[in-house]
Amino acid sequence: MSLEDIIKDRIRENGALTVAKFMELALSHHEYGYYMKRDPFGTAGDFITAPEISQVFGEIVGAWLAHCWQEIGSPEEVALVELGAGRGTLMADILRATKNVKGFHEAISVHVVEISPVLKQKQWKALAGKHERIEWHEDISMLPELPLLLVANEFFDALPIRQFVNINGTTKERMVELSGDDLVFSPSGEQDTITESCEPALEIMRSISQHIANCGGAALIIDYGYLEGSRGDTLQAMKNHEYHDILKNIGNCDITAHVDFQELGKAVLSENVLLHKAVPQGAFLMRLGAGVRTTALCEAASGEQQQKLLSGLKRLADPSEMGELFKVMAVTSKQIKNPDGFNYV
Ligand code: SAH
């Protein structure tokens with residue numbers, strides 16, 4: 001049986017699915033969900049993420065987190081957390097880049113929140129021997145009550161969204177249903193009459209800011225998305241680095257949606273934390289020295305490696321590539337008034 005058949009049966013039995021339920025099944029159905037059975041990353045996979053493009057990305061994130069640790073007074077025990085760690089490349093780079101920060105590795109325990117068994121295995125291999133204390137958790141509620149140093153790169157875009165269509169002033173939820181034997185979205189709706197919401201993202205954001213309010217720390221959220229208003233229908237499926245029909249080949253394509261940073265920011269309600277509004281990834285990386293670091297790496301690299309480093313930097317920071325579309329937002333303890341990269345005009 002395919003996931004498509006399972007979904008069709010469910011609809012026949014129980015009626016139409018919300019877009020959120022559909023997305024959740026497509027990505028994380030225990031047997032056939034996209035993330036549950038494969039490693040989707042890399043040039044041979046379906047998509048590639050920033051840490052896989054250049055090591056400089058993880059180095060900068062590591063420096064940012066370690067500096068936050070110093071700014072909250074270098075506590076002796078902190079939780080270094082990644083939400084959705086992919087192949088473990090980002091965490092491996094963070095650990096490598098912070099090795100020489102005095103006292104940091106002694107203070108941290110590493111916590112990875114991950115649902116995919118296949119990726120957990122990869123992460124375990126990638127991180128083997130890199131730190132003495134590494135734990136995996138199914139969800140964010142299992143994190144220890146310690147100051148938090150958290151990073152989430154391309155995590156929020158994978159959380160299930162609901163969609164609503166405005167038809168002549170009435171709002172209806174967009175569903176996935178059957179038309180004959182085919183799956184269809186209904187009501188179909190024009191692109192610009194559709195709005196989206198992502199309750200799981202808001203809930204996780206609330207929980208992160210509550211944790212920081214109680215225990216201190218900082219969180220860095222990096223993702224593709226928009227700063228205000230609505231972008232209409234942003235749901236997309238990717239396979240082999242190309243867009244794909246969302247309702248076809250279910251469970252074999254990555255499905256994501258743009259992150260609404262304004263809504264995410266609003267979920268940070270506590271008076272005991274500071275919200276540092278989203279800035280473009282390119283500006284953030286360049287302000288934190290991605291150019292200088294890339295040049296330094298090039299000096300010791302072969303011609304081919306130099307090309308890779310330079311094109312990697314361009315891909316991450318250039319406004320025409322990931323530099324503008326991707327944004328970086330932070331939530332910190334009140335002690336951290338001007339986190340690196342955000343004091344921005
Ligand atoms: N941060 C990594 C991977 C991003 S891809 C990088 O930058 O390369 C998204 C990751 O989030 C994958 O590891 C996926 O398995 C995980 N993931 C998706 N939904 C999740 C959920 N609800 N809970 C925990 N992990 C999730």
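Above: the structure in question.
This structure is a prediction, so every number in the text was calculated from the model and none was measured.

S.K.: Could you clarify how one ought to interpret the overall build of the protein chain in this entry?
M.R.: The helix and strand tally for the protein chain stands at 14 helices and 17 strands. By the compact-globule yardstick of 20 Å for 345 residues, the protein chain fits well, its C-alpha radius of gyration being 20 Å. The principal-axis extent of the C-alpha atoms belonging to the protein chain is close to 65 × 50 × 40 Å. In the protein chain, 77% of the contacts between residues at least 6 apart in sequence involve partners at least 24 apart. Carbon and sulfur atoms make up 49% of the accessible area of the protein chain, which amounts to about 15,800 Å² in all. Within the protein chain, one finds 32 positive and 48 negative side-chain charges whose respective centroids are separated by 2 Å.

S.K.: How should I be thinking about the sheet that holds strand β13 (residues 242–244) in this particular structure?
M.R.: Hydrogen bonds along the backbone pair up the strands of a sheet, which may run parallel or antiparallel. Read across the sheet, three strands follow the order β13-β12-β14 without closing on themselves; strand pairing throughout is antiparallel. Both outer strands of the open sheet, β13 and β14 (254–256), are each paired with one neighbouring strand and no more. The mean angle between the axes of side-by-side strands here comes to 40°, regardless of whether they run parallel or antiparallel. In this sheet, β14 lies alongside strand β12 (residues 236–239) in antiparallel orientation, the contact comprising three bridges.

S.K.: Explain the nonpolar core to me, please; I cannot follow it from the model alone.
M.R.: Counting 61 residues, the largest nonpolar core has Leu-83, Phe-156, Ile-208 and Leu-264 as the members making the most contacts within it. With seven residues, helix α9 (residues 199–215) is the single largest residue contributor to this core. Dropping the residues within four chain positions of it, Phe-156 is found in contact with Ala-201, Ile-204, Met-205, Ile-208, Ile-221, Asp-223, Val-259 and Leu-264. Counting residues in each nonpolar core, the second largest holds 50 residues, with Phe-57, Val-61, Phe-284 and Leu-285 among its members.

S.K.: For this particular structure, what's the right way to read the sheet that holds strand β7 (residues 170–173)?
M.R.: Taken in spatial order, the three strands of this open sheet run β7-β6-β10, and their pairing is antiparallel. Every other strand in the sheet has two partners, leaving β7 and β10 (194–197) as the edge strands with one partner each. The average undirected angle you get between the axes of adjacent strands in this sheet is 30°. Note: strand β6 (residues 162–167) against β10, four bridges, orientation antiparallel. Within β10, the residue paired with Gln-163 across the bridge is Glu-196.

S.K.: Hey, could you run me through helix α13 (residues 303–317) in this one?
M.R.: Because the α-helix completes a turn every 3.6 residues, residues three or four places apart line up on one side. Here α13 contains 15 residues, and its C-alpha end-to-end distance of 21 Å stays within 8% of the 21 Å for a straight helix at 1.5 Å per residue. Buried residues of α13: Leu-309, Gly-312, Leu-313, Leu-316 and Ala-317, and no others. Considered in projection along α13, the buried side chains sweep an arc of 105° and stay on one side of the axis. Set apart from the buried face of α13 by more than 90 degrees, the exposed residues are Glu-304, Gln-307 and Lys-308.

S.K.: Would you mind going over the site of the ligand with me for this structure?
M.R.: In the region of the ligand, 17 residues are neighbours, and Thr-49, Gly-84, Gly-86, Glu-114 and Asn-153 sit closest. Thr-49 is positioned with one of its side-chain polar atoms (N or O) 2.6 Å from an oxygen atom of the ligand. Ile-115 places a main-chain nitrogen or oxygen 3.4 Å from a nitrogen atom of the ligand. Taken by itself the ligand offers 570 Å² of open surface, and the protein chains cover 92% of this.

S.K.: How should the state of the cysteines be read in this particular structure?
M.R.: A disulfide bridge is the covalent bond that connects two cysteines by way of their sulfur atoms. Evaluation of the coordinates by the stated rule reveals zero disulfides. No disulfide involves Cys-68; its sulfur sits 16 Å from that of Cys-215, the nearest cysteine. A relative accessible area of 24% places Cys-215 in the partly exposed class.

S.K.: I'm lost on the side chain of Ser-54 in this one. Help?
M.R.: Along the chain, Ser-54 turns up in the loop between α4 (50–53) and α5 (55–71). Overall, the relative accessible area of 5% leaves Ser-54 in the buried class. At 3.1 Å, the side chain of Ser-54 forms a polar contact with the backbone nitrogen of Val-56.

S.K.: Looking at this structure, I do not really get the environment of Phe-185. What am I missing?
M.R.: Note that Phe-185 resides in strand β9 (residues 182–186). Judged by relative accessible area, which is 17%, Phe-185 ranks as buried. Spatially, the C-alpha atom of Phe-185 lies 8.7 Å from that of Leu-247, the residues being 62 residues apart in sequence. When neighbours within four sequence positions are excluded, Phe-185 is seen to be in contact with Val-19, Arg-174, Met-175, Val-176, Leu-235, Ile-246 and Leu-247.

Basis of the calculations
Residues numbered from 1 in each chain as written. Predicted model: local features only at pLDDT ≥ 70, side-chain atom pairs only at ≥ 80, totals over all residues. Heavy atoms only, no water. Helix = DSSP H or I, 4+ residues; strand = E, 2+ residues; numbered from the N terminus. Rg over C-alpha atoms; globule rule 2.2 N^0.38 Å. Contact = heavy atoms within 4.5 Å. Areas by Shrake-Rupley, 256 points an atom, 1.4 Å probe, with all protein chains shown as cover. Lys, Arg positive; Asp, Glu negative; His and termini not counted. Charge placed at Lys NZ, Arg CZ, Asp CG, Glu CD. Pairing = 2+ DSSP bridges. Axes fitted to C-alpha atoms, helices over the stretch in contact; angles between N-to-C directions. Core = buried A, V, L, I, M, F, W, Y, C linked by side-chain atoms within 4.5 Å. Buried < 20%, exposed > 50% of the residue type's maximum accessible area, 1.4 Å probe, protein only. Expected span 1.5 Å × (residues − 1). Arc of directions from axis to C-beta. Near = heavy atom within 4 Å. Polar contact = N/O pair within 3.5 Å; in protein donor to acceptor, adjacent residues only side chain to side chain. Disulfide = S-S within 2.5 Å.

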